[in-house]
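Below are the chains, spelled out letter by letter.
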Amino acid sequence: MRRQGFVQEMKVVNAELCLLLTSILDCLIPSDGRLPGAGGAGIVRYIDALMAGSEDTKQLFLQGLYEIEAASSELSKSDFGSLAQGQQVGILSSVEANHPAFFALLIENTYKGYYSNPEILRILGFAGMLPQPEGYSLHPFESDMLENVKKRGKRYREA
Amino acid sequence: MGQKGNIVDVLVVGAGSSGGAFTWSLSEAGFDVMCLEQGPWMKPEDSPSAQEDWELRSYTDFSLDPNFRKLPQDYPINNENSSITPLMVNAVGGSGIHWGAHFPRMRPSDFRVKSLDGVADDWPLSYEDLEPYFDLNDRMVGVSGLNGNPAYPPMSPRQTKPLPIGKHGETIARGFEKLGWHWWPADSAINSEPYDGRPACNNCGPCVLGCFNRSRASADVMYWPKAIDKGALLKVNCRVKEITVGKDGLADGVVYFDDTGTLREQKARVVVLACNGVGTPRLLLNSSSTLFPDGLANGSGLVGRNLMFHPVGLVDGLFEEDLEGFKGPQSCSITSYEFYETYSYRGFVRGSQLQVNRSLGPLHTALGGSVGNAIPWGSDHHREFSDRMGRTIRVVVLGEDLPEWHNRVELDSEMTDTDGIPSPKINYAENQNSKKLIKFGIDRAIEALDAAGAKSISYNPSFRAGGWHLLGTAKMGTDPEKSVVDEYGACHDVKNLFVIDGSIFVTAGAVNPTSTIQALALYVADNLKRRASAMFGSSLR
């Protein structure tokens, strides 16, 4: 039910694409036990918004995703999500080499979605660590570090 | 034509760093000054740095590149023929809104490159001529730093102590020390202690997202409140279309689109351009008329020519230890001037500044910053991320650009802003001298990072999205055939039209230019005050 509701909020991504994208994202940034994979972190929603924002981007993504799906059925007559991790990595590596524009955009936006996700930032230790309003404390500059620089003398040219 | 307003003494176009300083200076002396700014006021407390999507915002509405932001106040720029993309902000405070606030002065030799090194031209004024204005501007801005820097002649006292450099700055300082090279904590337009009613910096990091707590002295929080207090009138969201000229060939005002999009006229006795090195030539070229068919004040043909950026190489060193590099103002740490001056055996003239930058937030770390080495996808991703986060030191090799006739801002034949005003088109390529100079600087930065203990080093020899500094397109000089403005900032061809932004730079030096831009604006303002009644009669105070 929850997944269906999730998909209904999407603008471009349908249920089938959602499953595919989730598997791809989980392969790009897998879970390590502490951090969720990118597929589980709602990044599909981020990619969906991106595709909805530009027809060119949407076409580039749909083509790239089609290539991944086509390579999966060629390899084992099954969908990408059902492949073993090694097979998934192999397919993505080959798409990375053969469709660099799509893949670079996919990586860029996977990272943008992942590293701006409040839950991920919390687990990484950046929660509540917005730059402001707290800022950070640093020890004052220690000017005795400059003794040798001063001894070495003038470093400008008279004009 | 729209409504006519009253005649003002002085009309300033652009409310950025130079426009703010200039308007304050004249307002304080009792002049009647109006400023038209195409952007809005931005509230410091709305800075993304207090919001959850803070890092992402630097790619969208807080990008430095107007072509990415596409805000109503921005004009698109055709930069297809430029190896560096010009960056700017259109708002009160100008590009100071996104400013790293590294605040070095240009150095004495920067004003005399023809005499010393046989290239480009000397400035018609010297470091000593500008020194009183550097001092005045420093007192207004409140510069944090440390006196005694051997890279400069003795200087007036810095207003607040140096900003902390943290474990991050100390690590690279030890690298410079091992090599016996110059380094010094940066002069910064950021309070390290409370100054002038604004608080000390709390080391949040991304100054580029706007300064939430006003510790950075961008013109919107420093010069403008003071200028307005002295009676200056600042009208925002008003985009100037062209400068108008009377039958006598003098500027007599501007026409502009007001905040409702209505075309209006504003008459003035003196017009002053403070629109940056791209906006100023754009406006002059858009102000052609029967008297000035090739653009206003363009008898020399040099309006828009000699565009200089600072070519930039970026060198990132990765360290084993957690340096907490994301703490502290990103662009202000330490700087080395060891390789700034000309040494002929290096095979190029002039030199570079090695400016240490702090490291990046999680998203920029994952994307590999600007050196393009994103963290790999796949099973090693998380380990690589934690190996890098807070552990990189960036050395920015900021090189001197030399003016070249063919590097220029012109008008695009098709592209316009939302008011239909033609956009600028940039034609720019780095020359061989710049390429050699940056290569040399990168090799030195690698040595320094290596000496500091970096475990790996990556670099970008030609950073395209680095056009922070827009200089040279309305060059200053005494010869009307070889310059656009005279030694007092007045256009040779139109004596009551002044330029006060980075356009008037004769050469670029290899330092961040805002300190020099503001000192020049104050110098032009003082000379205008002195000469006003002789030039424009007693009607102008």
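Our structure's up above, just so we're on the same page.
Model, not experiment: these values are computed from the prediction.

Caption draft 1: Molecular detail of the overall build of chain B. Counting its regular elements, chain B contains 12 helices and 16 strands. Relative to the globule expectation of 24 Å for 541 residues, the C-alpha radius of gyration of chain B, 22 Å, shows essentially globular dimensions. Taking the principal axes of its C-alpha atoms as reference, chain B extends roughly 70 × 50 × 45 Å. Contacts in chain B between residues far apart in sequence, at least 24 positions, make up 73% of those at least 6 positions apart. Looking at chain B as shown, the accessible area adds up to about 17,700 Å², and 49% of this sits on carbon and sulfur atoms.

Caption draft 2: Quick look at the interface of chain B and chain A. Across the boundary between the two partners, chain B contributes 62 residues, which contact 51 residues of chain A. Here chain B meets chain A over a buried area of about 4,800 Å², counting both sides, of which 67% is carbon and sulfur. It is Pro150(B), Trp377(B) and His382(B) in chain B that bury the most area against chain A; as a group they hold 17% of the surface buried on that side. Across the chain B-chain A interface, the total number found is 4 salt bridges. Taking the shortest distance from any N to any O, the salt bridge between Glu341(B) and Arg157(A) comes out at 3.3 Å. Counting across the interface, chain B meets chain A through 23 residue pairs in polar contact (both at pLDDT 80 or more). Among the elements that make up the side of chain B that touches chain A, the one with the highest residue count is helix 6 (residues 166-179) of chain B (5 residues). In the side of chain B that touches chain A, the residues fall into 35 nonpolar, 15 polar and 12 charged.

Caption draft 3: Inspection of the nonpolar core at higher detail. Grouped together as the largest cluster of nonpolar side chains are 100 residues, with contacts concentrated most on Val10(B), Phe22(B), Ile243(B), Val254(B), Leu273(B), Leu497(B) and Leu520(B). Residue contributions to this core peak at 10 residues, all from helix 12 (residues 514-536) of chain B. In contact with Ile243(B), not counting residues within four places along its chain, are Ala251(B), Gly253(B), Val254(B), Val271(B), Leu273(B), Leu283(B), Leu284(B), Ser287(B), Leu296(B) and Leu497(B). Counting 48 residues, the second-largest nonpolar core is a separate cluster that includes Leu20(A), Ile91(A), Tyr136(A) and Leu363(B).

Caption draft 4: Quick look at unusual backbone geometry. Here Gln132(A) and Pro133(A) are connected by a cis peptide whose omega angle stands at 5°. Non-glycine residue Lys77(A) carries a positive phi angle of around 55°. Its place among the elements puts Lys77(A) in the loop between helix 4 (55-76) and helix 5 (85-98). Overall, the relative accessible area of 77% leaves Lys77(A) in the exposed class. Look at Asn203(B): it is not a glycine, yet its phi comes out positive at around 60°. Its location among the elements puts Asn203(B) in the loop between strand 4 (184-185) and helix 7 (223-229). In this structure Asn203(B) comes out as buried when scored by relative accessible area, which is 6%.

Caption draft 5: Looking closely at the packing of helix 6 of chain B against helix 11 (residues 432-451) of chain B. Residues and elements named next belong to chain B. One can describe the packing of helix 6 onto helix 11 by two numbers: an axis separation of 7 Å at closest approach and a directional angle of 105°. One element, helix 6, and the other, helix 11, form an angle in the roughly perpendicular class. Touching Ile172, Gly175, Phe176, Lys178 and Leu179 of helix 6 are Glu447, Ala448, Leu449 and Ala451, all from helix 11. Of the residues that constitute the contact of helix 6 with helix 11, the class distribution is 6 nonpolar, 1 polar and 2 charged.

Caption draft 6: Quick peek at helix 1 (residues 17-28) of chain B. All names here are of chain B. The terminal C-alpha atoms of helix 1, which comprises 12 residues, lie 17 Å apart, in line with the 16 Å expected from a rise of 1.5 Å per residue. Most of helix 1 sits out of view: 11 of its 12 residues are buried. Here helix 1 has its buried residues at Ser17, Ser18, Gly19, Gly20, Ala21, Phe22, Thr23, Trp24, Ser25, Leu26 and Ser27. Remark: Gly30 follows helix 1 within two positions and exhibits a positive phi of approximately 95°.

Caption draft 7: The arrangement of helix 4 of chain A in detail. Residue and element names in this part refer to chain A. Taking 1.5 Å per residue, 22 residues should reach 32 Å; helix 4 reaches 32 Å between its end C-alpha atoms and fits that length. Those residues of helix 4 that fall on the buried side of the exposure criterion are Thr57, Phe61, Gly64, Leu65, Ile68 and Ser72. Viewed end-on, helix 4 has its buried residues packed into an arc of 95°, placing them on one side of the element. For helix 4, exposure combined with an orientation more than 90 degrees from the buried face picks out Asp56, Tyr66 and Glu74. Among the structural elements, helix 2 (15-28), helix 3 (43-53), helix 5 and helix 6 (100-114) are those in contact with the buried residues of helix 4. Two or three places before Asp56, at the start of helix 4, stands the capping residue Ser54, its side-chain oxygen 3.4 Å from that residue's backbone nitrogen. Just past helix 4, the residue Lys77 takes up positive phi, approximately 55°.

Caption draft 8: Region of interest: the sheet that holds strand 3 (residues 78-82) of chain B. All names here are of chain B. On the basis of which strands lie adjacent, the open sheet formed by 3 strands has the order 3-14-13 and mixed pairing. Each edge of the open sheet is held by one strand with a lone partner, namely strand 3 and strand 13 (408-416). Averaged over all pairs of adjacent strands, the angle between strand axes in this sheet comes to 30°, irrespective of strand direction. Contacts between helix 8 (residues 276-285) and the sheet are confined to strand 13 and strand 14 (422-428), with strand 13 contributing the most and set at about 65° to the helix.

Scoring rules and cut-offs
- Residues numbered from 1 in each chain as written.
- Chains lettered and ligands numbered in written order.
- Predicted model: local features only at pLDDT ≥ 70, side-chain atom pairs only at ≥ 80, totals over all residues.
- Heavy atoms only, no water.
- Helix = DSSP H or I, 4+ residues; strand = E, 2+ residues; numbered from the N terminus.
- Rg over C-alpha atoms; globule rule 2.2 N^0.38 Å.
- Contact = heavy atoms within 4.5 Å.
- Areas by Shrake-Rupley, 256 points an atom, 1.4 Å probe, with all protein chains shown as cover.
- Buried area = accessible area lost by both parts, 1.4 Å probe.
- Salt bridge = Lys/Arg side-chain N within 4 Å of Asp/Glu carboxyl O.
- Polar contact = N/O pair within 3.5 Å; in protein donor to acceptor, adjacent residues only side chain to side chain.
- Nonpolar A, V, L, I, M, F, W, Y, C, P; charged D, E, K, R; others polar.
- Core = buried A, V, L, I, M, F, W, Y, C linked by side-chain atoms within 4.5 Å.
- Buried < 20%, exposed > 50% of the residue type's maximum accessible area, 1.4 Å probe, protein only.
- Axes fitted to C-alpha atoms, helices over the stretch in contact; angles between N-to-C directions.
- Parallel < 35°, antiparallel > 145°, perpendicular 65-115°, else oblique.
- Expected span 1.5 Å × (residues − 1).
- Arc of directions from axis to C-beta.
- Pairing = 2+ DSSP bridges.

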